[in-house]
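# A look at the structure
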Amino acid sequence: SKHRRVAEVLLHEIGRRASNDRLQDREGFSLAAGLALGLVTLGQGNSAAGLADLQIENKLRKYVSGGRAHEAAQAAQAATDPTLCCRIKEGDKVNVDVTAPGATLALGLMFLKTNNASVAGRLQVPETNFTLAYVRPDLVLLRVLARNLIMWDEIVASDEWILGQIPMIARVDLSAVPRGSTLDPEKVKVEEEKEHSGDSDTLRHVKTNIIAGCCMSLGLRYAGSAEKGAVDLLVKHLEAFRAVKCRTKTDRQLIECCTCICALAASLVMAGTGDVPLLRILRALRGRVDPDLLYGHHMAIGSAIGFLFLGGGRATLSTSNEAIAALVISLFPRFPSSTSDCRYHLQAFRHLYVLAVEHRCLETVDTLTAQPCAVPVEIHLHPHPLHAATLLHTTTPCILPELSRIRRVSVASPRYWGVTWDVNNVESGMESGNPGSISGIPGSISGMPGAGPPEESRLAKALRKGCVVHVQRKTGHLGYGQDPTGIRNLLAHSLPAHRAGGAPLPDWARASSNLVECFSGDPAVLAFARHLCSPVVSGAALGAVISAEEEEVEAFNTKALYACLTLERPEALALTVELHHIPRALAARSAPFASWLPPAQLRLALAYYGLLSAKPRPAACSLPLLAQPLVARHLLVQVRTRVEAILRDRGVWTAPPRKDMENGAPGGSVADYCRGNSFPSGDAEAARTLATALILDAVPSPLRLAR
């Protein structure tokens, strides 16, 4: 908020002196004031209007590095007051042991992501033995962290970047046995001989804290990204700290603290992913029994496991300014020794990580079963200097990358109809109420809230409410839970052959008795397969005896069902069966006329598909092209050929119909009709046969023929 009065009070409270003997947890009070000042001026840097005359940067620098206190005159004037603290005498200098942690983090948060090199230079790690003697090693960690918060864009997950943070004088071997250790006296002597000017223990502590600060910076920079390179680097240093602790008897508390920091940083990167390899490492750390482990160490490892499964795998962490500040406050790298230890950091602040939680879980639900399903998706990303990949392939449910990086999310699976969500269109169409560009047949996205402010992405609001993409599985395919490799889909099975003379079915046919039930949830399709198809598909008794005609009908129904399902045309199943029934109904003289598809429909379908398949197409034809026809044209031709054969056997034509009409030769009932004779009134079967022939070839009336 850049509130002037609040910032002025907080700046004063960082260096507040002890006023009486009852003052407790003074370090924690100063740290809280510094963190609060960082939140008030979060990411503003020197651009905060109305705060320039407060000289916040210069005062914070004095709190970090030391110097004469601003309140020195007031302190000297009040030195005779008996109510003042009689246990602490600070004089006119700043007590950096109290003020440095809060001031350091206040500078880091104030200039967060500003890449201000001049301010970052003031937090540089000392590079000489003389200057290192004036800085506590644990404060070096905070300096590295604050400097990296300022130089945000320079953080890179590489060993070279971490090595560049370590001064030349501090590049010592951490595996060397420290002073006072009795593990290997000869090695101690060798190290002492190698020792140049300076204290080797101090240099080792400085390097350890620098590496821990770099690891924490990496965890914040890549929080919630699941970046493999970053987590591998953090795990590498975590294992290195564990190996160092096994070889030394001193500095074990420091090494344990750095190990916990690396574990927390790795869990920040993989937040919400439930990464199994990292979980194994964290479980090994959690199960240790060691007298050096304090309450705070157990708390840190438990928090790391919690971050790994944040929100039950449905949430992750954001890297916005507010989120980074909340994580810095909650993960302050000084762990308590007991449940009541709040001297250096108020333990209630550990819960502020919830302010950094962001819901970015994408789920898919099958429209037919209304059950969650795993579906491969493609996530197209904007180019980013820290992330080489611009296309991610993952499987739902999954955690999406940061919303600012996403360009498009699409379902990319041959088993499901495609759905695409273009985030750019989502944001541009917010005012009109358009939830996004969704393409695919069929598919929709639910969980969309109402219109909101343009500064917040509609995708972000949908994810926060639980974004669910409804997808429809293509016919003939199983879900990835039932068929991970795709070898059980309908196209991978041979068409079941019908039984010949009651011969037993092979084993593979018996195993596929419930084949259709696995691939379609349509009740009509399931009923058709159960009652009208061969026992291989319907699951009927394999030992039943059926006639040759029933066997032929079942075999055709099975083939028709297989073809319609594989071509994604289940709605054409009834039409296919009716077309096949026309010759059978015509051959059965007792069948009623209304029990089979009229021949006019057959003639119309043949004309329609003949016009579509004509090359070149007629200029007057405005019919759309079909990628896959609803009914196979060869089936129509086959049905017409069988109908004409039946009519010819019944004597309707003595020659092909059009040739009869062109030559004028007498040829059965059609020829009689063309000459003007009446319909046969005494024989209903003959009348139905004649009507079929006239409709099938569109024979005009006798009056038209006479004209």
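Residues numbered from 1 in each chain as written. Predicted model: local features only at pLDDT ≥ 70, side-chain atom pairs only at ≥ 80, totals over all residues. Heavy atoms only, no water.

## Some thoughts on the overall build of the protein chain
What counts is decided by this rule: Secondary structure elements are defined from DSSP: runs of H or I of at least 4 residues count as helices, runs of E of at least 2 residues count as strands, and each element is numbered from the N terminus. To sort residues, take the accessible area from a 1.4 Å probe on protein chains only and compare it with the maximum for the residue type: under 20% means buried, over 50% means exposed, and anything in between is partly exposed. Residue contacts are defined here by distance: any two heavy atoms, one from each residue, within 4.5 Å place the two residues in contact. Computed with a 1.4 Å probe, the accessible areas rest on the Shrake-Rupley method; for each residue, only the protein chains presented here act as cover.
When helices and strands are counted, the protein chain shows 30 helices and 11 strands. Relative to its 707 residues, the protein chain shows a buried fraction of 45%. Of the contacts formed within the protein chain by residues at least 6 apart in sequence, a portion of 70% connects residues at least 24 apart. Of the roughly 34,500 Å² of accessible surface on the protein chain, a fraction of 56% belongs to carbon and sulfur atoms.

## Quick notes on the packing of helix α25 (residues 599-612) against helix α29 (residues 684-696)
The following threshold applies: Only C-alpha atoms enter the line fits that serve as axes; for helices the fit covers just the stretch in contact. Angles between N-to-C directions range over 0 to 180 degrees. Any angle from 65 to 115 degrees is called roughly perpendicular, while one under 35 is roughly parallel, one over 145 is roughly antiparallel, and all others are oblique. Helix crossings are classified by the rotation of the near helix relative to the far one: an anticlockwise turn of less than a right angle makes the crossing left-handed, while a clockwise turn makes it right-handed. Charged means Asp, Glu, Lys or Arg here, nonpolar means Ala, Val, Leu, Ile, Met, Phe, Trp, Tyr, Cys or Pro, and polar covers whatever is left, Gly included.
Two elements in contact, α25 and α29, have axes whose closest approach is 8 Å; the angle formed by their N-to-C orientations is 20°. The angle between α25 and α29 places the two elements in the roughly parallel class. The way α25 lies across α29 gives a crossing that is right-handed. Residues P599, A600, L602 and R603 of α25 touch α29, and the partners they reach there are T692, I695 and L696. Of the residues assigned to the contact of α25 with α29, the class counts are five nonpolar, one polar and one charged.

## Topic: unusual backbone geometry
Across the junction of T396 and P397, the peptide omega takes the value -5°, indicating a cis bond. Mapped onto the elements of the fold, P397 is located in the loop between β5 (391-395) and β6 (398-399). Phi at K113 is positive, roughly 60°, even though this residue is not glycine. Relative to the assigned elements, K113 resides in the loop between α5 (96-110) and α6 (117-122). The class of K113 is partly exposed, set by a relative accessible area of 27%.

## Regarding helix α15 (residues 295-308)
One full turn of an α-helix is made of 3.6 residues, so residues set three or four places apart face in the same direction. Formally: Take the residue count of a helix, subtract one, and multiply by 1.5 Å to get its expected span.
Counted at 1.5 Å a residue, the expected span for α15 with its 14 residues is 20 Å, and the 20 Å between its end C-alpha atoms agrees. Every buried residue of α15 is accounted for by G296, H297, M299, A300, I301, A304, I305, F307 and L308. As for α15, its buried residues are in contact with α13 (252-269), α14 (276-286) and β1 (315-317).

## As for the pairing of strand β3 (residues 361-366)
Convention followed: Think of it this way: DSSP has to see at least two bridges between two strands before they count as a pair.
The buried count for β3 comes to six of six residues, which makes it a mostly enclosed element. Burial of the side chains of β3 extends over both faces: C361, E363 and V365 are buried on one face and L362, T364 and D366 on the other. As judged from the two bridges shared by β3 and β6, these two strands associate in the antiparallel manner. Bridge assignment links L362 to a residue of β6, and that residue is C398. Inspection of the sheet shows β3 paired to strand β11 (residues 468-471) by four bridges, in the parallel sense. When the bridges of β11 are listed, E363 appears paired with V468.

## Focus on the packing of aromatic side chains
Going by this rule: Only Phe, Tyr and Trp rings take part, Trp by its six-membered ring, and two of them pair if their centres are within 6.5 Å. Stacked means planes under 30 degrees apart, edge-to-face means over 60, and tilted covers everything else. Two conditions define a charge sitting above a ring: the NZ of Lys or the CZ of Arg must be within 6 Å of the ring centre, and it must be within 35 degrees of the ring normal.
Counted according to the given criterion, the structure contains two aromatic pairs. Aromatic side chains F130 and Y134 sit 5.2 Å apart centroid to centroid with 65° between the ring planes, which places their arrangement in the edge-to-face category. Like Y134, F130 is exposed. Between F307 and Y353 the ring centres are 5.4 Å apart and the planes differ by 90°, which places this aromatic pair in the edge-to-face class. With a gap of 46 residues between them, F307 in helix α15 and Y353 in the loop between α16 (321-330) and β2 (357-359) connect regions that are remote in the sequence. Y353 sits in the partly exposed class, given a relative accessible area of 27%. Positioned above the aromatic ring of W152 is the side chain of K113, whose terminal nitrogen or guanidinium carbon lies 5.0 Å from the ring centre. In this structure, R334 is placed above the aromatic ring of Y344, and the distance from its NZ or CZ to the ring centre is 3.7 Å.

## Here we look at the packing of α13 against α14
Across the interface, α13 lies against α14 with an axial gap of 11 Å and an inter-helix angle of 150°. Classed by the angle they form, the pair α13 and α14 counts as roughly antiparallel. In the packing of α13 onto α14, the handedness of the crossing is left-handed. In this structure, α13 uses T259, A263, A266 and S267 to contact α14, whose residues at the interface are L278, L282 and L285. The class makeup of the residues in the contact of α13 with α14 is five nonpolar, two polar and no charged.

## Topic: the nonpolar core
The following threshold applies: Nonpolar core, defined: a set of buried Ala, Val, Leu, Ile, Met, Phe, Trp, Tyr and Cys residues in which side-chain atoms within 4.5 Å join the residues together.
Formed by 83 residues in total, the largest nonpolar core has its most connected members in L149, L220 and L317. Considering every element that reaches this core, the biggest residue donor is α13, with 12 residues. In this structure L149 touches G108, L109, F111, L112, K113, L220, I324 and V328, once residues within four positions along its chain are discounted. By size, the runner-up hydrophobic cluster in this structure holds 34 residues, among which are L586, A605, V643 and L694.

## Comments concerning the pattern of salt bridges
Which entries qualify depends on this criterion: The rule for a salt bridge is simple: a side-chain nitrogen of Lys or Arg has to be within 4 Å of a carboxyl oxygen of Asp or Glu.
The final tally for this structure, using the stated rule, is 22 salt bridges. For R334, the salt bridge identified is with D138, shortest N-O distance 3.4 Å. Here the residue R334 occupies a position in the loop between α16 and β2, and D138 occupies one in helix α8 (residues 137-150), the gap between them amounting to 196 residues. Given the relative accessible area of 30%, R334 is considered partly exposed. Owing to a relative accessible area of 28%, D138 belongs among the partly exposed residues under this scheme. A salt bridge links R204 to D201, with the shortest nitrogen-to-oxygen separation between them at 2.4 Å. Pair noted here: R204 and D201 are both in helix α11 (residues 200-221), with a separation of three residues, about one helical turn.

## Examining the confidence of the model for the protein chain
Applied cut-off: Per-residue confidence from the prediction method is given by pLDDT, with values spanning 0 to 100.
Looking at the protein chain as a whole, the pLDDT averages 77, with 71% of positions reaching at least 70. Considering each helix and strand of the protein chain separately, the mean pLDDT is smallest for strand β9 (residues 437-439), with a value of 35, and largest for α16, with 96. Long-range and interchain partners of residues 72-80, a stretch whose pLDDT sits below 50, account for four contacts in this model, where long-range means more than four residues apart. Considering only residues more than four positions removed or in separate chains, one finds that residues 177-183, a stretch of pLDDT under 50, has 19 contacts.

## Remarks on the environment of L310
For L310, the position within the fold is in the loop between α15 and β1. Judged by relative accessible area, L310 falls into the buried class, the value being 8%. L310 sits 43 residues away from S267 along the chain, and the two C-alpha atoms are 9.7 Å apart. If we ignore the near neighbours within four places in the chain, the residues touching L310 are G272, A315, T316, L317, Y353 and V357.

## Some words on the environment of H531
Among the secondary structure elements, H531 is positioned in helix α21 (residues 523-532). The class of H531 is exposed, set by a relative accessible area of 59%. Between the C-alpha atom of H531 and that of E554, which follows or precedes it by 23 residues, the distance is 9.3 Å.

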